[in-house]
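# Report on the structure
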Amino acid sequence: MPIQNTVVIGAGQMGSGIAQTLLQSGYSVALVDIVDAALERGRSSIESGLTRLVTKGRLTDATREEALRRLTLSTDLPYAVRDSDIVIEAAPEHIATKQATFAKLDASCPSHTILATNTSSLPITSIASVTKRADRVIGMHFMNPVPIMPLVEIIRGLATSDETCEAVRSLTASLGKTAVEVRDFPGFVSNRVLMPMINEAIYAVYEGIATPEAVDTVMKLGMNHPMGPLTLADFIGLDTCLAILETLHEGFGDSKYRPCPLLRQYVQAGWLGRKSGRGFYNYEHEQ
């Protein structure tokens, strides 16, 4: 069955970005969250993103308006998913939260609906285990910012079917993105490689080796990275970085993934990066 009606769970930065990408590619999207204010912020983010595309000449005003007409907002998950072909979950990076969400989705969605998770590190097989459709559960890890970044990691769970994988590959291609299939191991490929680098950059600051500015400059000018690792960590969210590192540390039992104490301290202080106004850098002027 071709994918037409899509649902995105979670109206935060990732969920809104996924919804925008689906809308500008012609899909109908129901954006679901438990908080009305989050949905309104999500709608505002999507409208701003589509407007930027109009300004750049990549969309017309008419196309923007037509895309927004295909967007619905809802706090009623069972109602929102009643006609869904695929649901893409972008809830917080906690296994209990995702399992509870998937159990509810499994009970509410039509039998043909594919359940995809945008998890950046958690096991797909474990998430699928709470459903009766493990063959139709899959990882669909978008990169941030979703409308710009061209990669989607596709992660099969132990029981994910070939048909499900092919349907998600086709959906990814229709969004103008490249699907790369990886195995269901902690952190997959992207964060298994990225997070130890970010963690080591934080250790360099923690141990007094260099300032955040110096660390980022070395990586930008010396390694040709477009963004320094600490700027990137602030952009991702330090709480998200910590959650991923904890998943890696627990999953592999290897001390090389142990989160830096400074990262834990920043998260405990509420210094989460751009979204909170402060992380390794100060963003209060942007709030």
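Residues numbered from 1 in each chain as written. Predicted model: local features only at pLDDT ≥ 70, side-chain atom pairs only at ≥ 80, totals over all residues. Heavy atoms only, no water.

### A word on the overall build of the protein
In plain terms, the rule: Secondary structure counts use DSSP, requiring at least four H or I residues in a row for a helix and at least two E residues in a row for a strand, with both numbered from the N terminus. It is over C-alpha atoms that the radius of gyration is taken, and the globule rule equals 2.2 Å times the number of residues to the power 0.38. When accessible area is computed with a 1.4 Å probe and restricted to protein chains, residues below 20% of their type maximum are described as buried, those above 50% as exposed, and intermediate ones as partly exposed. Only heavy atoms enter the contact rule, under which two residues are in contact if any of them lie within 4.5 Å.
Scanning the protein for helices and strands turns up 12 helices and 8 strands. Relative to the 2.2 N^0.38 estimate, which gives 19 Å for 287 residues, the radius of gyration of the protein is 19 Å and therefore close to what a compact globule would have. If one aligns the C-alpha atoms of the protein with their principal axes, the spans along those axes are about 55 × 45 × 35 Å. In the protein, which comprises 287 residues, the proportion classed as buried is 50%. By sequence separation, contacts in the protein at least 24 residues apart represent 65% of the contacts at least 6 residues apart.

### Here's the deal with the nonpolar core
Here is a general trend for soluble globular proteins: nonpolar side chains tend to be buried in one another's company. Short version of the rule: As used in this record, nonpolar core signifies buried Ala, Val, Leu, Ile, Met, Phe, Trp, Tyr and Cys residues forming a set joined through side-chain atoms within 4.5 Å.
In this structure, L22, M140 and F142 are the most contacted members of the largest nonpolar core, which totals 36 residues. Excluding its chain neighbours within four sequence positions, the residues that come into contact with L22 are T6, V8, Y27, V29, I88, L171 and L175.

### Some words on helix α10 (residues 229–236)
Buried residues of α10: P229, L230, L232, A233 and D234, and no others. On its buried side, α10 packs onto α8 (190–206), α9 (212–223) and α11 (238–252). Directly beyond the C-terminal end of α10, a positive phi value near 110 degrees is found at G237.

### Focus: the environment of G26
The residue G26 is located in the loop between α1 (13–24) and β2 (28–32) in this model. Along the chain, G26 and A67 lie 41 residues apart, while their C-alpha atoms are 7.0 Å from each other.

### Looking at the domain arrangement of the protein
Stated precisely, the cut-off is as follows: Domain extents, as shown, originate in an automatic or database domain assignment. When two components associate, each loses some accessible surface as probed by a 1.4 Å sphere; the sum of these losses over both components is called the buried area. Definition used for salt bridges: Asp or Glu carboxyl oxygen within 4 Å of a side-chain nitrogen of Lys or Arg. Polar contact criterion, stated in full: a pair of N or O atoms within 3.5 Å, where within protein one must be able to donate a hydrogen and the other to accept it, and residues adjacent in sequence count only if both atoms are side-chain atoms. Residue classes follow a fixed rule: Ala, Val, Leu, Ile, Met, Phe, Trp, Tyr, Cys and Pro count as nonpolar, while Asp, Glu, Lys and Arg count as charged, and any other residue, Gly among them, counts as polar.
Partitioning the protein into structural domains gives domain 1 (5–183) and domain 2 (192–276). The straight-line distance from the C-alpha centre of domain 1 to that of domain 2 is 27 Å. On the side of domain 2, 4 residues touch domain 1, which itself brings 7 residues to the contact. Summing both partners gives a buried area of about 500 Å² for domain 1 against domain 2, and 65% of it is carried by carbon and sulfur. Its largest share of buried area at the contact with domain 2, domain 1 owes to E93, S121 and N144, together 53% of the area lost on that side. Counting the contacts that link domain 1 with domain 2 gives 0 salt bridges. Between the two partners, domain 1 and domain 2, sit 0 residue pairs in polar contact (both at pLDDT 80 or more). Residues that form the side of domain 1 that touches domain 2 fall into these classes: 2 nonpolar, 4 polar and 1 charged.

### Observations concerning the sheet that holds strand β8 (residues 178–182)
Convention followed: Pairing between two strands is assigned when DSSP locates at least 2 bridges connecting them. Between the N-to-C directions of two axes lies an angle of 0 to 180 degrees, each axis being a line fitted to C-alpha atoms and, for a helix, fitted only over the stretch in contact.
With mixed pairing, the 8 strands of this open sheet are ordered in space as β3-β2-β1-β4-β5-β6-β7-β8. At either margin of the open sheet sits one strand with a lone partner, and together these are β3 (71–74) and β8. Across the sheet, the mean angle separating the axes of adjacent strands is 25 degrees when strand polarity is ignored. Pairing analysis gives 4 bridges linking strand β4 (residues 86–89) to strand β5 (residues 114–117), with the strands arranged parallel. Along β5, the bridge assignment pairs I88 with A116. Docked against the sheet, helix α2 (residues 36–55) engages β2 and β3, running at close to 165 degrees with respect to β3.

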